[in-house]
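Spelled out from the first residue to the last, the chains are:
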Amino acid sequence: MKDIKIGMIGLDTSHASVFTKLLNDPANPFYIEAAKVTVACPVGSSDFVLSYSRIEGITKEVEQCGVQLVTTIEEVAETCDAILLESVDGRVHLEQVKKLVGYQKPLFVDKPLCLSSSEAIEMVKLTEQYGTPIMSSSALRFAEEVRMALAIQDKGKIIGADCFGPMDMVETQPGYFWYGIHTIEMLYAILGCGAQHVTSVSTVDSDLIVSQWEDGRIGTARGSRRGNGEFGAIIHFEKGTHYVSISASSKPFYLSLLEEIVLFFKNGQSSVPLHETLEIIRFIEAANESKDTGKRVYV
């Protein structure tokens, strides 16, 4: 089969250069075959420093991998088989998706899908209307150490989980949508859908999100803005507890994510169900509300 021609939109995140190198450079030790980034549009947000300050450098890296640069996202969509929407600013994703769904090409939207559950619902309706496959996820749910833990067979059912990771915040991406989503995605990979309500406690240096699932299980997401930047989890089984250290694996978690994306581009089937992505967006929305109000908020 011929290589999948991938178009990339948004060259303002490290994922743009990392993904391009993994797909386009056969000398890369983690090279992924059968897909290649062929065209890209370096759009960004002029009011978000973590967007506009990175475009020039990342664009150069992507261009050095043999990628054609174009000026509009429509040009990208017209000349590729599948689309990586990498814009780091979640505020622009809905408008970008509106321009892309009509091309009916598999579309991966990097985290976060968007910044509100109303936008997420509108996005899903658009993709259903046009029959356009869509997927969105943080890389952390696909980390090898998480997958290995979920494959454990001799400890019974999972009865709870405590996840942790860095949780920096920025003004343009409300609350936990910026970095909290990584730890929350891990929590959902472990416990699945069904969060009932959420309560958040926030200080200058850290946050703790506590949620009860409909079946009575409790999951937590702890975030830190001081100290180490490690991601991990403690998974509680019926017959024991398992510690997950994301850094313990030699396989980068962003590689695991990209492998899932390429598979999605091939078969049009996301390994993360859309209803789960929708619930994650609503969970973050509820956690943000609880952080601001100090109250329990129902998901």
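Look up: the structure comes first, before these words.
The rules behind the values
Residues numbered from 1 in each chain as written. Predicted model: local features only at pLDDT ≥ 70, side-chain atom pairs only at ≥ 80, totals over all residues. Heavy atoms only, no water. Buried < 20%, exposed > 50% of the residue type's maximum accessible area, 1.4 Å probe, protein only. Helix = DSSP H or I, 4+ residues; strand = E, 2+ residues; numbered from the N terminus. Pairing = 2+ DSSP bridges. Phe/Tyr/Trp six-rings, centres within 6.5 Å; stacked < 30°, edge-to-face > 60°. Core = buried A, V, L, I, M, F, W, Y, C linked by side-chain atoms within 4.5 Å. Contact = heavy atoms within 4.5 Å. Disulfide = S-S within 2.5 Å.

Enquirer: Summarise the pairing of strand β4 (residues 82-85); cite the residues concerned and give the values.
Expert: Of the two faces of β4, the one lined by Ala-82 and Leu-84 and the one lined by Ile-83 and Leu-85 are each fully buried. Two strands pair when backbone bridges link them, and strand β1 (residues 4-9) and β4 are joined in this way by four bridges, in the parallel orientation. Counterpart to Met-8 in the pairing with β4 is Leu-84. Summarising the sheet, β4 and strand β5 (residues 107-110) pair through three bridges and their orientation is parallel. If you follow Leu-84 over to β5, its bridge partner there is Phe-108.

Enquirer: Just give me the short version of the packing of aromatic side chains, but keep the residues and values in it.
Expert: Scanning the model with the defined rule gives eight aromatic pairs in all. Seen from their ring centres, Phe-164 and Tyr-243 are 6.4 Å apart, and the 15° between their planes marks the pair as stacked. Taken together, the positions of Phe-164 in strand β7 (residues 158-166) and Tyr-243 in strand β12 (residues 240-245) put the pair 79 residues apart, joining distant regions of the chain. Look at Tyr-243 and you get exposed, because its relative accessible area is 52%.

Enquirer: Tell me what's going on with unusual backbone geometry, and back it up with residues and numbers.
Expert: With an omega of -10°, the peptide bond between Lys-111 and Pro-112 qualifies as cis. Tracing the backbone shows Pro-112 in the loop between β5 and α6 (117-130). Its identity is not glycine, yet Ala-34 carries a phi of approximately 75°, on the positive side. Its identity is not glycine, yet Gln-104 carries a phi of approximately 55°, on the positive side.

Enquirer: Account for the nonpolar core, with residues named and values stated.
Expert: Nonpolar side chains in soluble globular proteins tend to end up buried together. Counting residues in hydrophobic clusters, the biggest one holds 59 residues, and the most contacted among them are Ile-184 and Phe-283. It is helix α8 (residues 180-191) that provides the largest number of residues to this core, a total of eight residues. Once residues lying within four places of it in the same chain are set aside, the contact partners of Phe-283 are Ile-184, Leu-187, Tyr-188, Ala-195, Val-198, Ile-209, Ser-211, Trp-213 and Val-299. Counting residues in each nonpolar core, the second largest holds 29 residues, with Ile-4, Ile-58, Val-67 and Phe-265 among its members.

Enquirer: Describe the state of the cysteines, listing the residues and the values that go with them.
Expert: Counted by the stated rule, this structure contains zero disulfides. In this model Cys-65 remains outside any disulfide bridge; the closest cysteine sulfur is found in Cys-80, 17 Å from its own. Cysteine Cys-163 remains unbridged, with the sulfur of Cys-193 as its closest cysteine sulfur at 15 Å.

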